[in-house]
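# Descriptive analysis of the structure
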Amino acid sequence: MKILIITNKLKTMTIISNFITLNISNNISILLANDTQSAKLILSEHNINMIIWENDIFDLNFYKENLTFIPIVLVNDFYKNDTFTLKNFKCVSLDNLTHLSYFIHKYTSLSDTFENTKLAILKELMYLGFNVKHNGTKYITESILILKFYYKTNNIKDIYSIVARKHNTTSNNIKSNILKSINYMYCETDFSKLEVYFSLAEDIKPTPKQIILTVLKNI
């Protein structure tokens, strides 16, 4: 598990790092960023499972644009948060980090479930004939994970928008890559397999929405 601590205070970094080292038995790697720019670089290079963020420098816009799939814990010198923060985020104080241990164990379990689900999705897609190296296959996988863990909707365009923000691109680009991966799959796979899997009445390509929702149902 990789935890990113975002703080510009040496005190916060030291107290939290020492607490995790002394109290958490899991194999945890701790990375440090002192602002959103350095955090963005780390996020582009590492698979971060959880972020502990100094409340004084918390950037809500940065969070909405980049981090909606990563659990956030906000930390203060002492326990004092506004109503919005308490309603939307997990919060801890440096003078009492007891709950931080609970959050880490909880998110470790969630991370394991997430990774197991991702593997299950990829197995289904490979069974159908998708190439896992294609960007479109990756976007299909992420779309299914979003629907399962984060966002319930029947409007696949909403999911494309979320995936697009994550990859700093457009919804049209996400859809285009997904369609390319579907075209590849359709050419490589015997239709009889697709006919049964998607309950197709005639020899037609399944739609992106059909693929995403059917695989979601089958995992």
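Presented here is an overview of the structure given in this document. Note that the structure is a prediction, hence the values are computed from the model and not measured. (Residues numbered from 1 in each chain as written. Predicted model: local features only at pLDDT ≥ 70, side-chain atom pairs only at ≥ 80, totals over all residues. Heavy atoms only, no water.)

## Re the overall build of the protein chain
Of regular secondary structure, the protein chain possesses ten helices and five strands. Taken over the C-alpha atoms alone, the protein chain extends approximately 65 × 35 × 30 Å along its principal axes. Across the 219 residues that make up the protein chain, the buried fraction comes to 42%. For the protein chain, the accessible area works out to roughly 12000 Å², and carbon and sulfur atoms hold 50% of it. (Helix = DSSP H or I, 4+ residues; strand = E, 2+ residues; numbered from the N terminus. Buried < 20%, exposed > 50% of the residue type's maximum accessible area, 1.4 Å probe, protein only. Areas by Shrake-Rupley, 256 points an atom, 1.4 Å probe, with all protein chains shown as cover.)

## Some points on the packing of helix α5 (residues 98–128) against helix α9 (residues 191–198)
Put simply, α5 and α9 touch, their axes get as near as 10 Å, and they point 135° apart. As the angle between them shows, α5 and α9 are arranged oblique. Listed contacts from α9 to E124, Y127 and L128 of α5 are K193, L194, Y197 and F198. Here the contact of α5 with α9 is composed, by residue class, of five nonpolar, no polar and two charged. (Axes fitted to C-alpha atoms, helices over the stretch in contact; angles between N-to-C directions. Parallel < 35°, antiparallel > 145°, perpendicular 65-115°, else oblique. Contact = heavy atoms within 4.5 Å. Nonpolar A, V, L, I, M, F, W, Y, C, P; charged D, E, K, R; others polar.)

## As for unusual backbone geometry
Apart from glycine, the bulk of residues carry a negative phi angle, and the bulk of peptide bonds sit in the trans form. In this model, N168 sits at a positive phi of 55°, which is unusual for a non-glycine residue. Its place among the elements puts N168 in the loop between α7 (156–166) and α8 (171–188). Judged by relative accessible area, which is 72%, N168 ranks as exposed. Unusually for a residue other than glycine, S199 sits at a positive phi of about 55°. Along the chain, S199 falls in the loop between α9 and α10 (208–218). Exposure remark for S199: the relative accessible area of 64% places this residue in the exposed category.

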